[in-house]
Amino acid sequence: MNIGEVAAATGVSAKMIRYYEKVGLIHAVNRSDAGYRKYTVQDQRMLAFIRRARELGFSLERIKTLIGLWEDTSRHSADVRQLARQYIDELDEDIAKLRSIRDELAYLSDHCHGDNRPDCPIIERLAKGE
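Residues numbered from 1 in each chain as written. Predicted model: local features only at pLDDT ≥ 70, side-chain atom pairs only at ≥ 80, totals over all residues. Heavy atoms only, no water.

## Topic: the nonpolar core
So, step 1. Core analysis: the biggest nonpolar cluster contains 21 residues, and Ile17, Tyr20, Ile26, Leu47, Ile50 and Ile63 have the highest contact counts within it.
So, step 2. For Ile26, the residues in contact, after removing those within four places along its chain, are Ile17, Tyr20, Glu21, Met46, Leu47 and Ile50. (Core = buried A, V, L, I, M, F, W, Y, C linked by side-chain atoms within 4.5 Å. Buried < 20%, exposed > 50% of the residue type's maximum accessible area, 1.4 Å probe, protein only. Contact = heavy atoms within 4.5 Å.)

## Some points on a nonpolar patch on the surface
So, step 1. A cluster of nonpolar side chains, contributed by Met16, Tyr19 and Val23, occupies part of the molecular surface with about 220 Å² of accessible area.
So, step 2. Here Met16 shows up in helix α2 (residues 14-22). (Patch = residues over 30% accessible without salt bridge, like charges linked within 9 Å, V, L, I, M, F, W, Y side chains within 5 Å. Areas by Shrake-Rupley, 256 points an atom, 1.4 Å probe, with all protein chains shown as cover. Salt bridge = Lys/Arg side-chain N within 4 Å of Asp/Glu carboxyl O. Helix = DSSP H or I, 4+ residues; strand = E, 2+ residues; numbered from the N terminus.)

## With respect to the packing of helix α4 (residues 60-71) against helix α5 (residues 77-110)
So, step 1. Close contact between α4 and α5 brings their axes to 10 Å; oriented N to C, the two are set at 160 degrees. Our classification of the angle between α4 and α5 gives roughly antiparallel. Where α4 crosses over α5, the handedness of that crossing is left-handed. Between α4 and α5, the residues in contact are Arg62, Thr65, Leu66 and Leu69 and Asp79, Val80, Leu83, Gln86, Tyr87 and Glu90, respectively.
So, step 2. Here the contact of α4 with α5 is built from residues that sort into five nonpolar, two polar and three charged. (Axes fitted to C-alpha atoms, helices over the stretch in contact; angles between N-to-C directions. Parallel < 35°, antiparallel > 145°, perpendicular 65-115°, else oblique. Left-handed = near helix turned anticlockwise from the far one by under 90°. Nonpolar A, V, L, I, M, F, W, Y, C, P; charged D, E, K, R; others polar.)

## What about the pattern of salt bridges?
So, step 1. The full count for this structure, using the stated rule, is seven salt bridges.
So, step 2. Linking Glu55 and Arg51 is a salt bridge whose minimum nitrogen-to-oxygen distance equals 3.1 Å. Taken as a pair, Glu55 and Arg51 lie in helix α3 (residues 41-55) at a separation of four residues, close to a single helical turn.
So, step 3. Classification of Glu55 as partly exposed rests on a relative accessible area of 48%.
So, step 4. The exposure class of Arg51 is partly exposed, given its relative accessible area of 29%.
So, step 5. Here Glu90 makes a salt bridge to Arg62, at a shortest N to O gap of 2.7 Å. Residue Glu90 is found in helix α5, and its partner Arg62 is found in helix α4; the two are separated by 28 residues along the sequence.
So, step 6. On the basis of relative accessible area, Glu90 is assigned to the partly exposed category, the value being 32%.

## Quick notes on the packing of aromatic side chains
So, step 1. Summed over the entire model, instances satisfying the criterion amount to three aromatic pairs.
So, step 2. Judged by centre distance (6.2 Å) and plane angle (55 degrees), the ring pair of Tyr19 and Tyr20 falls under tilted.
So, step 3. Among the residues examined, Tyr20 registers a relative accessible area of 5% and is labelled buried.
So, step 4. On the numbers, 4.7 Å between centres and 35 degrees between planes, the contact of Phe58 with Tyr87 is tilted. Highlighted residues: Phe58 in the loop between α3 and α4 and Tyr87 in helix α5, separated in sequence by 29 residues. (Phe/Tyr/Trp six-rings, centres within 6.5 Å; stacked < 30°, edge-to-face > 60°.)

## Notes on the environment of Lys97
So, step 1. As for its position among the elements, Lys97 is in helix α5.
So, step 2. Lys97 sits 33 residues away from Lys64 along the chain, and the two C-alpha atoms are 27 Å apart.

Next up, the structure:
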């Protein structure tokens, strides 16, 4: 397959495929005599794996680790689970931060008159640096 075909088959843009190759997430593929990249079914599977991992929000560094675990037939599922649990913990922290921010903004919004008056608790709180 050429890059356009593998991009269509995996849902990963040609630009991202080239980027993944550049940063070492995927290996450099063989090229035709004309210099076009030639992708295999295994390359297609790898790109689909990467696309799904990105959809789940995994960083490129974590995806490298996951690929290493995927390719290691002697891996322990506990290692994969540990990586996922670590990421879940970080997501929980991010969710808690976002909820706190949302609650703060909701509080300020609820206490803003929302009329023609110039005073506004949202602006006042931001101005105080709180």
